[in-house]
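Descriptive analysis of the structure
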Amino acid sequence: MGAALRRIQLGNALSAFGNGFTVPFLFVYVAQVRDLGSNTAGVVLATFAVAALAVLPFIGRVIDRRGPLSVVVAGAVAAAVGSMGLGLAASEPLVIAAAGVLGAGIAAIQPALATLIVWCSTPVTRSRAFATQFFLGNLGLGVGGLLGGLLVDTSSASSFVRLFAIDAVMFLVLGAAVATVRLAKTPVFDDPVPTADEHLGGARGGWRSLLGHRAMVQLCVLGFVMFFACYGQFESGLSAFAVDVARISPSMLGVALAANTAAIVLAQFVVLKLVERRRRSRVIALVGLVWTVAWCVAGSAGLVPGSQAVGIIAIVSAYALFGIGEAMLSPTVAPLVADLAPSSALGQYNSAFALVKQLALAVGPAVGGLMAGAGLYGTYIVTLIVCSLGITALALRLGKWLTAEQDNPLRAVAGAAVPATRAAASDEVTTAA
C-alpha cells in the first residue's frame, strides 16, 4: 500500500477500535446504567438504522460532487459528537438525538471510505485493499471490545462516559488521518472501471440510471439476501435460537462472537490468496454454500435434547463458518461494486449498496425476532438455509451479466502480479507532510 492508503486504513482501524468500546454495551448502558428501560434502549438501536436510511439515499451524490475526503471528515466529526453525546446524555430525548447524530455520521463515513479506497488503489490491488480494511476493522472491534469489557462498570455511569469519550476520540483520529491525505482532482481509473457512456449510454447519473443498470441491481438484490441471512441474524434470531433451543448460556454467545471474529482475523489473508484469482461470482456462490452448512450446523444444536456440549460446539462452529464466509466476501463484493460503477457515480453506487445493507440489517433482526418470539425455530432454520442457497443461485446468475474484467480483473489482466505494484495510484495520491 502507498502512504495515503496506509493512513486511511490506520484511521479506519482505530475508529473500529473505538467502536469496540461502546457497541457491545450500548443496550445495557441505556437500559440499566442510565435507567431508561429496555424500550428506550430498543428505540436507540432503531434510531441508528433510521438515521442511516435517512442519510444514505443522498450522501452518494454529495460524495461524487464534493469528493469523499470532505464527507469522511464531516461524518467523523458528527460521529464523534454523537458518541460523546451518548456518554453525557441522561434523558431519553437526548440519548435518542445523540444516537441519530452518531448513526448519520457513521452512515456518511462508510460509502465515502469505500470511495477513498477505490481512489487509492487499482483494479489489480483493490481486492487486497478491501480485505485489509475488513481485517483491520474486525481486529480493532475485537480488541476494543475486550478492553472495554475490562473498563466497564455497570454501577458507574462515569465508566461509560470514559468509553464513549474513547470512541469519540477515535472518530476524530479517523477524520484527522483522512484530512491529511491529498488527492488529485481527477483520480485515474484503470480498466475495468467503466465510464458512464459504457454502462449508461451517456445518460446522466442518479438513481434512475443506477436502477437501469441490470448487473448493479442484481448485485443489490444479492447483497440484501446476504446481509439478511448473516449479519441480520446475529443479534436476533440466531442468538435466541442458541439460548432457547441449544440451551447455551448467554455468556457463551460472547464466545461464539469471538469465534466469528477470530475466524475472520486468522483466515482473511489465507482466504484472500485462495480467492483472489477466482471469478467473483463463483466466490460469492461458494459463500452461499458455506453459510448453508453453517445454518445446518446451527440447526443440529436442537437435535440432541439436553446436550449442552453439543449445542455449544454447534453454535460456536456456525459462527466461525459465518466468519469464513465474511472473509471471502470482503475482497469480492466491495471491489465489484467499484468496478460496476461509472467513475462519475462511484459514490452513488457505494452509498446505494450501503443502503441495501442497512435495509437488510433493519429487516433481518425484525423477521428473526418475530419468528423466534413465535417459537418457529424449525421454520426459521429452514428459511435461512433457503436464503443461503438463494445466495448461490443469485451469484451464479449475476456472473452471466459481468464482463471478464468485472468478474476478476486479475484473470483478465495478462501477467498481473498479486499484489501488483502501485502504478496510477502512486502517481495520483500524495500525503501531506
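Scoring rules and cut-offs
- Residues numbered from 1 in each chain as written.
- Predicted model: local features only at pLDDT ≥ 70, side-chain atom pairs only at ≥ 80, totals over all residues.
- Heavy atoms only, no water.
- Helix = DSSP H or I, 4+ residues; strand = E, 2+ residues; numbered from the N terminus.
- Areas by Shrake-Rupley, 256 points an atom, 1.4 Å probe, with all protein chains shown as cover.
- Expected span 1.5 Å × (residues − 1).
- Bend = angle between axes of the 7 residues up to and from the residue.
- Buried < 20%, exposed > 50% of the residue type's maximum accessible area, 1.4 Å probe, protein only.
- Contact = heavy atoms within 4.5 Å.
- 1 Å grid on protein atoms, 1.4 Å probe; cavity = no way out; pocket = protein on both sides within 12 Å on 5 of 7 lines; lining within 4 Å.
- Points joined across faces, edges and corners; volume = space filled by probe spheres on them.
- pLDDT = per-residue confidence, 0-100.
- Core = buried A, V, L, I, M, F, W, Y, C linked by side-chain atoms within 4.5 Å.
- Phe/Tyr/Trp six-rings, centres within 6.5 Å; stacked < 30°, edge-to-face > 60°.
- Axes fitted to C-alpha atoms, helices over the stretch in contact; angles between N-to-C directions.
- Parallel < 35°, antiparallel > 145°, perpendicular 65-115°, else oblique.
- Left-handed = near helix turned anticlockwise from the far one by under 90°.
- Patch = residues over 30% accessible without salt bridge, like charges linked within 9 Å, V, L, I, M, F, W, Y side chains within 5 Å.
- Salt bridge = Lys/Arg side-chain N within 4 Å of Asp/Glu carboxyl O.

1. Comments concerning the overall build of the chain
Each helix and strand counted, the chain has 21 helices and two strands in total. Accessible surface, the chain: about 17700 Å² in total, of which carbon and sulfur atoms supply 66%.

2. Structural notes on helix α13 (residues 250-275)
End to end, α13 covers 35 Å across 26 residues, agreeing with the expected 38 Å (1.5 Å per residue, within 8%). If you look at α13, its biggest bend is around 50°, right at Ala267. When α13 is considered as a whole, its buried residues turn out to be Leu253, Ala256, Ala259, Asn260, Ala263, Ile264, Ala267, Gln268, Val271, Leu272 and Val275. Along its buried surface, α13 packs onto α6 (126-151), α11 (231-234), α12 (237-244), α14 (280-300) and α15 (308-329).

3. What to know about empty space enclosed by the protein
Rolled over the atoms, a probe as big as a water molecule pinpoints where empty space is left. Evaluated as defined, the whole model comprises one cavity of 30 Å³ or more. In this structure, the largest cavity spans a volume of roughly 100 Å³. What lines the largest cavity is a set of 13 residues, among which Ser127, Glu276, Arg280, Pro331 and Asn408 lie closest to the centre. Elements with a contribution of two residues or more to the lining of the largest cavity: α14 and α20 (409-412).

4. Quick word on the confidence of the model for the chain
Across the chain, the average pLDDT comes to 86, with 89% of residues at or above 70. Across residues 188-204 the pLDDT falls below 50, and counting only partners more than four positions away or on other chains, this stretch makes 40 contacts in the model. Here residues 414-433 is a poorly scored stretch, pLDDT under 50, and it has 43 contacts once near neighbours within four places are set aside; other chains count.

5. Notes on the environment of Gly103
On the secondary structure map, Gly103 appears in helix α5 (residues 92-119). Through-space distance from the C-alpha of Gly103 to that of Ser83 is 9.4 Å; in sequence the pair is 20 residues apart. If near-sequence neighbours (up to four positions away) are discounted, Gly103 is found in contact with Phe48, Ala51 and Ala52.

6. As for the nonpolar core
Nonpolar side chains in soluble globular proteins generally cluster together in the buried interior. Residues Leu86, Met216, Leu219, Trp291, Trp295, Ile315 and Phe322 are the most contacted members of the largest nonpolar core, which totals 121 residues. Top element by residues in this core is α5. It accounts for 14 residues. Leave out the neighbours within four places in its chain, and Trp295 touches Ala229, Gln233, Leu238, Phe322, Tyr380, Ile381, Leu384, Ile385 and Ser388.

7. Focus on the environment of Gly148
Along the chain, Gly148 turns up in helix α6. Overall, the relative accessible area of 0% leaves Gly148 in the buried class. Distance from Gly148 to Gly20, taken between C-alpha atoms, is 7.0 Å for residues 128 residues apart in sequence. Residue contacts for Gly148: discarding those within four places in its chain leaves Phe21, Phe25 and Leu163.

8. Some words on the packing of aromatic side chains
The full count for this structure, using the stated rule, is 14 aromatic pairs. For the ring pair Phe17 and Phe21, a centre distance of 5.0 Å and an interplane angle of 85° mean the geometry is edge-to-face. Taken as a pair, Phe17 and Phe21 lie in helix α1 (residues 3-22) at a separation of four residues, close to a single helical turn. By the burial criterion, Phe17 is buried, and Phe21 matches it. Both rings, one in Trp295 and one in Tyr380, keep their centres 5.8 Å apart while their planes meet at 85°; by these two values the pair is edge-to-face.

9. Examining the packing of α6 against α13
Relative to each other, α6 and α13 sit at 165°, their axes nearing to 9 Å. Taken together, the axis directions place α6 and α13 in an arrangement best described as roughly antiparallel. By crossing handedness, the relation of α6 to α13 is classed as left-handed. Mapping the contact onto sequence places Ser127, Arg128, Ala131, Thr132, Phe134, Phe135, Asn138, Leu139 and Gly142 in α6 and Thr261, Ile264, Val265, Gln268, Phe269, Leu272 and Lys273 in α13.

10. As for a nonpolar patch on the surface
Side chains of Leu139, Val143, Leu147, Leu150 and Leu151 sit close together on the surface and give an oily, nonpolar patch of about 420 Å² of accessible area. Following the sequence through the fold, Leu139 ends up in helix α6.

11. Digging into the environment of Ala229
Its place among the elements puts Ala229 in helix α10 (residues 214-229). Sequence separation between Ala229 and Trp295 is 66 residues, and the spatial gap between their C-alpha atoms is 9.4 Å.

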